[in-house]
Number of protein chains: 2
Amino acid sequence: MKQLSGFEPVAHSSLGLVTTSRITFKGDNYILELESGDTLSPVTVAYETYGRLSRNKDNAILVCHALTGDAHAAGHHTGEPGEKPGWWDLLIGPGKPLDTDRYFIICSNFLGGCKGTTGPTEINPATGKPYGLHFPFYTVKDMVKVQKWLVDYLDIEKLLAVIGGSLGGMQVLQWTISYPEVVAGALPIATTARMSPQAIAFNEVARQAIMSDPQWNFGLYEPDSQPASGLALARMIGHITYLSEEAMLKKFSRRFINGKNRGYRFEADFQVESYLHHQGSTFVNRFDANTYLYITRAMDYFDLHADYGSLKKAFSGCKSSFLVISFTSDWLFPEVCSQELVRALRMAGKNVSYCNMDSDQGHDAFLLPGNRMGEVVSGFLTRVQNEF
Amino acid sequence: MKQLSGFEPVAHSSLGLVTTSRITFKGDNYILELESGDTLSPVTVAYETYGRLSRNKDNAILVCHALTGDAHAAGHHTGEPGEKPGWWDLLIGPGKPLDTDRYFIICSNFLGGCKGTTGPTEINPATGKPYGLHFPFYTVKDMVKVQKWLVDYLDIEKLLAVIGGSLGGMQVLQWTISYPEVVAGALPIATTARMSPQAIAFNEVARQAIMSDPQWNFGLYEPDSQPASGLALARMIGHITYLSEEAMLKKFSRRFINGKNRGYRFEADFQVESYLHHQGSTFVNRFDANTYLYITRAMDYFDLHADYGSLKKAFSGCKSSFLVISFTSDWLFPEVCSQELVRALRMAGKNVSYCNMDSDQGHDAFLLPGNRMGEVVSGFLTRVQNEF
């Protein structure tokens, strides 16, 4: 039955205990001008760092998280037995591809998140209440702007690398365009230069699930009475797109919960249903519904083609070396999306390597063991460091 | 803006006016024994016929509809200007592939539907109220059993062909297994021998959308106060799986509703969102939420491999000639599902032709113009008729 929970056995992180820091950017120098035309101030950023910044400050790597991630990318917060380590502990730690013995790793909760950085769940200083739907719309470009404030605050002039998967990969791409001098190596993983109408459609159904839940109440719910069924449904929809058909077949096939026989019921009868229910209900305890609306909208609006006239033009000013990674069974951001990136980068005369990883794990492969992404990342970082 | 409605321009049917008939099967000879172990009686079936049954009764073709279809497959009910013809008018009519000058076409609303055949919306004679969730669970095999009653009632011993797409194709497959002597030609289109866990997952999210809507009220809603938002959401999810990525790109690309600019809002901002909303809201006016739960469950439970030990064994007693058709861009029941059928039929030594139609229209291709399915169907029917 272990399989039903959808979790790998909880691993112990070799990184040990870590803590989340918060820095608040306020005052006239920190009025965040958003793409929408709105402004936001002050802005607090939650972040974690692992490893030590070198004397020359030439070993810093920024990790960008995906839709439901946070600043806690690796290590443990409490060290209690069974506590899950950060979301990319697989990749980050001593001797791992993002080697904390060599590199200084930074990960922050992005602008508009619900894990410590200013977002819809945080208090609006103008009203003393959570922002909720009064939070301004923000874009991937806006997220990256705030990350740049953090990098400046940490007194780092140039990042050895920026790395991230999915929405994290969009941030990586935007970094190389917004701050070309600051990024030596860029690793956009399982991502795309623009959201497809199909991906927008899935996001829209997820949002409708949230907004159709009467508990949503036009965004005016109390933190302890979230639109739980709508948010769970949104997560279930998302999860289908994160897995592949092959992964589902391997994980669940058509197995029933109760042995061999059909239950003739509308309650969960297949293991795949039980898995989705579990994913949905646990998500509600760790994520905020309004925030889900905003982040998915930021993804929908991501379109480097439209923003810069063409993808080649978008990358024309880039100075980074690129390692683009896709996964063969990813159908949310399929390999053609990465191949389009690679083509545009090559047309723009940039230094780009591409790796299409063989995997049956779907979009989520970048978060999972069982593929050789780590080795490729590790080799690329060594090269970039040699050329730094 | 025409594109936004999602409809092709409404065509006039050359078949003219048609009517739906109803026949009630009652009495001791018509106690329907369901796979679940439950029984149901009486059973009313809504059906339409087009063309004339030949003196030798050798020209009858049974059409099986998909999830949200009905008995009204072709022609007009009122003849009022702008009235949409039946759902497969493209294929059925004088001179068309299912040529009403040559063939006698039968289409019935399947058991458990909400379009005139006994189902959750019909009155339960035991209570005088609609069955609702007291309706027994039924399977594809049960649907086919009731269709056989209808064929017997029409005094047809052997069908020239049984044809249908998607869930309709599952009924076709079941017909050849349940009544091997009765089916000369079988045309399973865009279908599968068993639902994949991914397809079950989409169905489950759709059901959860319905059952999470407070208006659903455990199935006890009044006909005029359906769980509209839940049912609309279910339809939106379905529609994503009926289209292909390519079809969505062609139809909507990333176009905004209001010209070039982002609206920075959660209301529909992209054309693809507006399309889905339209599909969702119009569906609520023509379909019943409880019925949607039952039908999707019947699909989930469809598994010829499990029912008969193997697919080869399932088909071992078949006497029909098969034409299996798939569409290259169908990702709900992808071409591999049809190829698996073809392989099993060949291993079982059956007469089978296979056509993988080049199409960018996704699963819905079998309902749409723009591919050459009609020609292939037409040629196959002529051959089967010659050998009848």
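Just so you know, these numbers come straight off a predicted model, no measurement behind them.

Caption draft 1: Geometry of the sheet that holds strand β1 (residues 21-25) of chain B. Residues and elements named next belong to chain B. Read across the open sheet, the 8 strands follow the order β1-β4-β8-β5-β11-β12-β13-β14; overall the sheet is mixed. Lying at the two open borders of the sheet, with one neighbouring strand each, are β1 and β14 (351-357). Across the sheet, the axes of successive neighbouring strands diverge by a mean angle of 20°, strand direction being ignored. Bridge count between strand β13 (residues 321-327) and β14: 7 bridges; the pairing is parallel. Residue pairing in the sheet places S326 in a bridge with N356 of β14. Those strands touched by helix α3 (residues 167-178) are β5 (60-64), β11 (159-165) and β12 (183-189), and its axis lies near 150° from that of β12.

Caption draft 2: Structural context of the domain arrangement of chain A. Residue and element names in this part refer to chain A. With domains assigned, chain A is organised as domain 1 (2-195 + 304-387) and domain 2 (201-294). For domain 1 versus domain 2, the separation of C-alpha centres amounts to 25 Å. Taken together, the contact between domain 1 and domain 2 spans 24 residues of the former and 22 residues of the latter. For the side of domain 1 that touches domain 2, the per-class residue count stands at 9 nonpolar, 13 polar and 2 charged.

Caption draft 3: Quick look at the packing of helix α4 (residues 197-212) of chain A against helix α8 (residues 289-301) of chain A. Residue and element names in this part refer to chain A. Direction vectors running N to C along α4 and α8 enclose 160°, while the axes themselves pass 10 Å from each other. Considering the angle they form, α4 stands roughly antiparallel to α8. The handedness of the crossing between α4 and α8 is left-handed. The residues of α8 that touch α4, namely those facing I200, N203, A206, R207 and I210, are A289, Y292, L293, T296, M299 and D300. Taken together, the residues that form the contact of α4 with α8 break down as 7 nonpolar, 2 polar and 2 charged.

Caption draft 4: Summary view of the environment of N59 of chain B. All names here are of chain B. The topology assignment puts N59 in the loop between β4 (43-50) and β5. For the pair N59 and T100, spaced 41 residues apart in sequence, the C-alpha to C-alpha distance is 9.9 Å. Leaving out residues up to four positions away in the same chain, N59 has contacts with L53, S54, R102, Y103, F104 and L160.

Caption draft 5: The relation of the copies chain A and chain B, seen in detail. Superposing chain A onto chain B takes a rotation of 180° combined with a translation of 0.0 Å along the rotation axis, leaving an RMSD of 0.0 Å. Look at the turn and shift together and you get a two-fold axis relating the two. Counting the interface residues of chain A, we find that 100% of their copies in chain B are interface residues as well, pointing to one common contact surface.

Caption draft 6: Representation of unusual backbone geometry. Residue and element names in this part refer to chain A. Backbone torsion omega between S41 and P42 reads -5°, so that peptide bond is classified as cis. Along the chain, P42 turns up in the loop between β3 (39-40) and β4 (43-50). With a phi angle near 55°, K57 is a residue other than glycine that sits in the positive phi range. Mapped onto the elements, K57 comes out in the loop between β4 and β5 (60-64).

Caption draft 7: Here's a closer look at the interface of chain A and chain B. Counting residues at the interface gives 40 residues for chain A, matched by 40 residues for chain B. Listed by contribution, the elements that provide at least two residues to the side of chain A that touches chain B are α4, α5 (228-242), α6 (245-251), α7 (271-284) and α8 of chain A. Here the element with the most residues in the side of chain A that touches chain B is α4 of chain A; it accounts for 12 residues. In terms of residue class, the side of chain A that touches chain B is built from 23 nonpolar, 7 polar and 10 charged.

Caption draft 8: Representation of the environment of N56 of chain B. All names here are of chain B. The topology assignment puts N56 in the loop between β4 and β5. Under the C-beta neighbour-count criterion, N56 is labelled exposed, with 7 such atoms within 10 Å. With 330 residues separating them in the primary sequence, N56 and N386 have C-alpha atoms 14 Å apart.

Caption draft 9: A look at the sheet that holds strand β14 (residues 351-357) of chain A. Residues and elements named next belong to chain A. Across the sheet, which stays open at both edges, the 8 strands sit in the order β1-β4-β8-β5-β11-β12-β13-β14 with mixed pairing between neighbours. Strands with a single pairing partner mark the edges of an open sheet, and in this sheet they are β1 (21-25) and β14. Across this sheet, the average inter-strand angle for adjacent strands is 20°, counted without regard to direction. Those strands touched by helix α12 (residues 373-387) are β11 (159-165), β12 (183-189), β13 (321-327) and β14, and its axis lies near 165° from that of β12.

Caption draft 10: Broad picture of the nonpolar core. Membership of the largest hydrophobic core comes to 252 residues, with the highest contact counts inside it found for I61, A161 and I237 of chain A together with I61 and I237 of chain B. What I61 of chain A contacts, discounting residues up to four positions off in sequence, is L98, Y103, I105, L159, L160, A161 and I163 of chain A.

Caption draft 11: View of the pairing of β5 of chain B. Residue and element names in this part refer to chain B. Burial analysis of β5 places 5 of its 5 residues in the buried class, which makes it a mostly covered element. By the alternation rule, side chains of β5 split into A60, L62 and C64 and I61 and V63, which are all buried. Of the pairings in the sheet, the one linking β5 to strand β8 (residues 104-108) comprises 4 bridges and is parallel in character. Counted as the bridge partner of L62 is I106 from β8.

Reading the values: the criteria
- Chains are numbered independently. Their residues run from 1 in the order of the written sequence.
- Whichever chain is written first is A, and whichever ligand is written first is 1; the rest continue in order.
- Under the rules for a predicted model, residues below a pLDDT of 70 receive no local features and side-chain atom pairs below 80 are neither given nor counted, while totals for whole chains, interfaces and linings still include all residues.
- Here a strand pair is declared whenever DSSP counts at least two bridges between the two strands.
- Strands are runs of DSSP state E lasting at least 2 residues, helices are runs of H or I lasting at least 4, and numbering of each runs from the N terminus.
- For helices, the fitted axis covers only the stretch in contact; all axes are lines through C-alpha atoms, and the angles between them, taken along N-to-C directions, range from 0 to 180 degrees.
- It is the C-beta atoms, placed from the backbone, that decide contacts: two residues are in contact if theirs lie within 7 Å.
- How far each domain reaches was decided by an automatic or database domain assignment.
- Basically, the charged four are Asp, Glu, Lys and Arg, the nonpolar ten are Ala, Val, Leu, Ile, Met, Phe, Trp, Tyr, Cys and Pro, and anything else, Gly included, counts as polar.
- Roughly parallel means an angle under 35 degrees; roughly antiparallel means over 145; roughly perpendicular covers 65 to 115; every other angle is labelled oblique.
- Crossing handedness: left-handed means the near helix sits turned counterclockwise from the far one by under a right angle, and right-handed means the same turn made clockwise.
- A residue counts toward the fit only if its pLDDT is at least 70 in both copies, and the copies are then superposed by least squares on the C-alpha atoms of those residues.
- With C-beta atoms placed from the backbone, a residue is labelled by how many other C-beta atoms lie within 10 Å of its own: buried for 20 or more, exposed for 12 or fewer, partly exposed between the two.
- Think of a nonpolar core as buried Ala, Val, Leu, Ile, Met, Phe, Trp, Tyr and Cys residues, each tied to the set through C-beta atoms within 7 Å.

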